[in-house]
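So you can see what is in the structure, the chains are spelled out below.
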Amino acid sequence: MAIDFTDYESGLALDDVTDGDDYGDALKAAQKRLARAHFAHIVHGKTAIMVFEGWDAAGKGGIIRRMTAEWDPRYFAVHPIGAPTKEELERHFLWRFWQKLPGKRDIAVFDRSWYGRVLVERIEGYASETEWRRGYDEINEFESQQVDRGTTMIKIFLHATQKSQDKRLADRLDTPSKRWKLTPEDFRNREKRGEYMDAYHDMFKETDTRWAPWAVFDGNNKKPARIAVLNHIAAQLEANVPATFPEADAELIHLAEKAFGYEVKD
């Protein structure tokens, strides 16, 4: 997969991703669709992994919050991935992610992921060139193993221009309730944007596979980006789970009849 980031810098408009609905209506519709897909996912015992990558302040967290707003919290987990612990550093880089893989009926959401091996670990020198180059094959095999066991794999990348990113970093500084999101690493990464650009291009080239493709989104206008990503995720979940729900269990019907005179509706 060859990526030209200029294709994702126009700033989507709501009309680009909705049928004329305003943001509130479009968001509610997307969340309702996601909720139904999640319930079907639970009922049919499916498993899913979602990977969110992209520039700092591109909007990953806001999308994840809205995606999970109507989900049953017992059947999903969000994993914010930071620097590995001492224990994790002593093992293969994928070890810590194996610990977080979902079981049946569960969805695992990764805010940053194993792609750190070929991104920050590459750029900051935490992995040798031999290690991070080998990482592409290791990642592809890892993802293939998950898909082979029936897991839905969804990989999202959010692009934002330097101008958009700077505006959002400034907004975080100006907003007391958002300042906790800002770290020195945001500015360190900003200074290495060119290196990250090269690493992203290599990442797409090497890991956009038939079984685990990347979906890239223009994140420069947050609201339409959210709608576009949420509907994409809903479509991916729907494609991998039956749309039908099972009939009511006969034993439960009998118990309800006995308990409070329940009658089956036509």
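To keep things clear, this report deals only with the structure shown in the data block. (Residues numbered from 1 in each chain as written. Predicted model: local features only at pLDDT ≥ 70, side-chain atom pairs only at ≥ 80, totals over all residues. Heavy atoms only, no water.)

Overview of the overall build of the protein
Along the protein, the regular secondary structure elements total 12 helices and 5 strands. Reported as C-alpha extents along the three principal axes, the dimensions of the protein are approximately 70 × 45 × 35 Å. Residues counted as buried form 46% of the 266 residues belonging to the protein. Total accessible area on the protein stands at roughly 14300 Å², and carbon and sulfur atoms take up 50% of it. (Helix = DSSP H or I, 4+ residues; strand = E, 2+ residues; numbered from the N terminus. Buried < 20%, exposed > 50% of the residue type's maximum accessible area, 1.4 Å probe, protein only. Areas by Shrake-Rupley, 256 points an atom, 1.4 Å probe, with all protein chains shown as cover.)

A look at the packing of aromatic side chains
All chains considered together, the criterion is met by 18 aromatic pairs. Look at Phe157 and Phe204: their rings are 5.1 Å apart centre to centre, the planes differ by 80 degrees, and that puts the pair in the edge-to-face class. Of this pair, Phe157 sits in strand S4 (residues 151–159) while Phe204 sits in helix H10 (residues 193–207), and the two are 47 residues apart along the sequence. The same class applies to Phe157 and to Phe204, which are both buried. In this structure an aromatic cluster arises from ring pairing among Phe5, Trp55, Tyr115, Phe157, Tyr196, Tyr200, Phe204 and Trp214. We note Arg122 situated over the ring of Trp132; from NZ or CZ to the ring centre the distance is 4.2 Å. Against the face of Trp55 rests Arg193, its NZ or CZ located 3.9 Å from the ring centre. (Phe/Tyr/Trp six-rings, centres within 6.5 Å; stacked < 30°, edge-to-face > 60°. Lys NZ or Arg CZ within 6 Å of the ring centre and 35° of its normal.)

Thoughts on the sheet that holds strand S5 (residues 214–218)
What the 5 strands build is an open sheet, ordered S2-S3-S1-S4-S5; its pairing is parallel. Where the open sheet ends on each side, the last strands, each with one partner, are strand S2 (76–80) and S5. With direction set aside, neighbouring strand axes in the sheet form an average angle of 20 degrees. Here strand S1 (residues 47–54) pairs with strand S3 (residues 107–111) via 5 bridges, running parallel. Paired with Ala48 across the strands is Ile107, a residue of S3. Running over the sheet, H10 touches S1, S4 and S5 and is turned about 150 degrees from S4. (Pairing = 2+ DSSP bridges. Axes fitted to C-alpha atoms, helices over the stretch in contact; angles between N-to-C directions. Contact = heavy atoms within 4.5 Å.)

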